[in-house]
Amino acid sequence: CPPPHPQTPSAPGTTSSLDLEELMSNSSFGYSDSDSDDRNFTFLDYDADTAPCHNHFCPLFRRVAPPFLAATCAMAALGTAALLVALAKRPQAWQWPQSRALVAQLALGTGLFAAPLPALAAGIAWGWHLGVGLCRLTHLLWHWSLFAQALLVGSGSWGTTWARWDPRSRRLAVVVWVGALLLAVPAALAGGTVAGTSCVRRSVGILSPAYLLHLTLFLGFLLLLPTGLLVATLAVPPRRESWQKGSSASWVFFGLWAPYGVGLAVEFLLHARLLEPTCGTFERFDHALGLSEGLGVLHCGLAPPVLLLTRLC
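Residues numbered from 1 in each chain as written. Predicted model: local features only at pLDDT ≥ 70, side-chain atom pairs only at ≥ 80, totals over all residues. Heavy atoms only, no water.

1. Brief notes about the layout of surface pockets
Okay, so step 1: Taken as a whole, the second largest pocket encloses approximately 170 Å³ of empty space.
Okay, so step 2: The wall of the second largest pocket is formed by 12 residues, among which Pro 116, Ala 119, Leu 130, Leu 134 and Thr 138 lie closest to the centre.
Okay, so step 3: With four residues, the single largest contributor to the lining of the second largest pocket is helix 5 (residues 132-157).
Okay, so step 4: Residues belonging to the lining of the second largest pocket are distributed by class as follows: nine nonpolar, three polar and no charged. (1 Å grid on protein atoms, 1.4 Å probe; cavity = no way out; pocket = protein on both sides within 12 Å on 5 of 7 lines; lining within 4 Å. Points joined across faces, edges and corners; volume = space filled by probe spheres on them. Helix = DSSP H or I, 4+ residues; strand = E, 2+ residues; numbered from the N terminus. Nonpolar A, V, L, I, M, F, W, Y, C, P; charged D, E, K, R; others polar.)

This is the structure in structure tokens:
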């Protein structure tokens, strides 16, 4: 969370460089190395007579984020390890729709997402400042994992390619992982660092091409894709049958990330002035967005045991 500054009124319909957009965009997975309460005080430029708004998200984030990320990482490590052991010890038990080829790649995706969490938790707790390069690499790894898991769950819900590990499924695996890496590049370019902060999820303007492309991809793969698949699953009897056999277990990924996708869409509408922000919106929105992002982060700790327990039961 960067140090806010008093604002000068801007022209109607415009947004100054240090107003709500900057403050809200830098608070999710961003932090400073100071606990001063002055950093929770800012003037918003809705009009010349506006009262100062107070946002207490940053101190709450600095207190809650390190233990939350550490606990999530521990859950992810234990759950993923147990899942991999089950895949190795009883390969014959993993049949379509929860085939061994698909579940192993989902475990790889959750492990890839959880890998940077210990360093992030330590950085928030001790005020470490990552460089722009490491910050963008972290965002690249996270979104590479997210897009790969979205493609894996989607392809596993609409076909039997992952039922066996053969040349066809190997080619699809290459397409999924290479495609997910390319899809994650805009997220890495949009993230970075800003003055007084470490790694933040958006260091560019809300209308920058990199962020608009990232937002479009994120909403498309984590909101529109599962919605379309869900409608198709309910409409096509064979897909309903696979859902009943256990393919729905992997959809915990979409369920945990959907609220964050909605939050990003609302954030865009606020910053683009398609929704008029108020002081109350400013004070509450960071908490809602941070909570929804934390819910999504939980997928790396919850998805492996859900897959394992579903197969065991």
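2. Quick notes on the pattern of salt bridges
Okay, so step 1: Considering all chains together, one arrives at two salt bridges under this definition.
Okay, so step 2: Measuring nitrogen to oxygen at the nearest pair gives 3.3 Å for the salt bridge that ties Glu 276 to Arg 273.
Okay, so step 3: Among the residues examined, Arg 273 registers a relative accessible area of 21% and is labelled partly exposed. (Salt bridge = Lys/Arg side-chain N within 4 Å of Asp/Glu carboxyl O. Buried < 20%, exposed > 50% of the residue type's maximum accessible area, 1.4 Å probe, protein only.)

3. Here we look at the confidence of the model for the protein chain
Okay, so step 1: For the protein chain, per-residue confidence averages 81 on the pLDDT scale, and 80% of positions sit at 70 or higher.
Okay, so step 2: Of all helices and strands in the protein chain, the one with the weakest mean pLDDT is strand 1 (residues 41-42) (34), whereas helix 6 (residues 167-190) scores best (97). (pLDDT = per-residue confidence, 0-100.)

4. Some thoughts on the state of the cysteines
Okay, so step 1: All told, the structure shown has one disulfide when counted by the stated rule.
Okay, so step 2: Cys 135 shares a disulfide with Cys 199; S-S distance 2.1 Å. Its S-S torsion of approximately 75° makes the covalent link between Cys 135 and Cys 199 right-handed. Pair noted here: Cys 135 is in helix 5 and Cys 199 is in strand 4 (residues 199-200), with a separation of 64 residues, a long-range link.
Okay, so step 3: Relative accessible area serves as the criterion here: at 0%, Cys 135 is assigned to the buried category.
Okay, so step 4: Free of any disulfide, Cys 73 has its nearest cysteine sulfur in Cys 300, 7.2 Å distant. (Disulfide = S-S within 2.5 Å.)

5. Some remarks on the environment of Leu 137
Okay, so step 1: Its location among the elements puts Leu 137 in helix 5.
Okay, so step 2: With a relative accessible area of 42%, Leu 137 lands in the partly exposed category.

6. What about the packing of helix 3 (residues 100-114) against helix 11 (residues 299-312)?
Okay, so step 1: Helix 11 packs onto helix 3 with a crossing angle of 155° between their chain directions and a minimal axis gap of 9 Å. Judged by the inter-axis angle, helix 3 sits roughly antiparallel to helix 11. Handedness of the helix 3/helix 11 crossing: left-handed. Contacts between helix 3 and helix 11 involve Val 103, Leu 106, Thr 110, Phe 113 and Ala 114 from the first element and His 299, Cys 300, Ala 303, Pro 304 and Leu 307 from the second.
Okay, so step 2: Taken together, the residues that form the contact of helix 3 with helix 11 break down as eight nonpolar, two polar and no charged. (Axes fitted to C-alpha atoms, helices over the stretch in contact; angles between N-to-C directions. Parallel < 35°, antiparallel > 145°, perpendicular 65-115°, else oblique. Left-handed = near helix turned anticlockwise from the far one by under 90°. Contact = heavy atoms within 4.5 Å.)

7. A few points about the UniProt feature "transmembrane region" (unreviewed entry) in the protein chain
Okay, so step 1: UniProt feature "transmembrane region" (unreviewed entry): in the numbering of this structure it lies at residues 68-89, 101-128, 140-160, 172-191, 211-236 and 248-270.
Okay, so step 2: Across residues 68-89 one finds 100% helix and 0% strand; the C-alpha atoms that close the span lie 31 Å apart.
Okay, so step 3: With 96% helix and 0% strand, the stretch residues 211-236 has end C-alpha atoms that lie 36 Å from each other. (UniProt positions renumbered as here; feature names shortened; annotations may be inferred.)

8. Quick word on empty space enclosed by the protein
Okay, so step 1: Under the defined criterion, the tally for this structure stands at five cavities of 30 Å³ or more.
Okay, so step 2: Of the volumes computed, that of the largest cavity is approximately 180 Å³.
Okay, so step 3: What lines the largest cavity is a set of 16 residues, among which His 139, His 143, Arg 201, Tyr 260 and Glu 293 lie closest to the centre.
Okay, so step 4: Listed by contribution, the elements that provide at least two residues to the lining of the largest cavity are helix 5, helix 7 (209-235), helix 9 (252-271) and helix 10 (279-297).
Okay, so step 5: Per-class residue counts for the lining of the largest cavity are 11 nonpolar, three polar and two charged.

9. A short note on helix 2 (residues 57-89)
Okay, so step 1: When the terminal C-alpha atoms of helix 2 are compared, their 45 Å separation across 33 residues agrees well with the 48 Å that a helix rising 1.5 Å per residue should span.
Okay, so step 2: At Val 64, helix 2 is deflected by roughly 35°, the largest bend along its length, and proline Pro 66 occurs up to four residues later in sequence. (Expected span 1.5 Å × (residues − 1). Bend = angle between axes of the 7 residues up to and from the residue.)

10. So, a positive patch on the surface
Okay, so step 1: On the surface, Arg 164, Arg 168, Arg 170 and Arg 171 cluster together to form a positively charged patch.
Okay, so step 2: Position of Arg 170 relative to the elements: it lies in helix 6. (Patch = residues over 30% accessible without salt bridge, like charges linked within 9 Å, V, L, I, M, F, W, Y side chains within 5 Å. Areas by Shrake-Rupley, 256 points an atom, 1.4 Å probe, with all protein chains shown as cover. Lys, Arg positive; Asp, Glu negative; His and termini not counted. Charge placed at Lys NZ, Arg CZ, Asp CG, Glu CD.)

11. Quick word on the packing of aromatic side chains
Okay, so step 1: A complete count under the given rule lists 11 aromatic pairs for this structure.
Okay, so step 2: Relative to Phe 221, the ring of Phe 147 lies with its centre 5.6 Å away and its plane at 70°, an arrangement referred to as edge-to-face. Residue Phe 147 is found in helix 5, and its partner Phe 221 is found in helix 7; the two are separated by 74 residues along the sequence.
Okay, so step 3: Taken together, the ring pairs connect Phe 113, Trp 142, Phe 218, Trp 257 and Tyr 260 into an aromatic cluster.
Okay, so step 4: The ring of Tyr 211 carries the charged tip of Arg 202 above its face, separated from the ring centre by 5.1 Å. (Phe/Tyr/Trp six-rings, centres within 6.5 Å; stacked < 30°, edge-to-face > 60°. Lys NZ or Arg CZ within 6 Å of the ring centre and 35° of its normal.)

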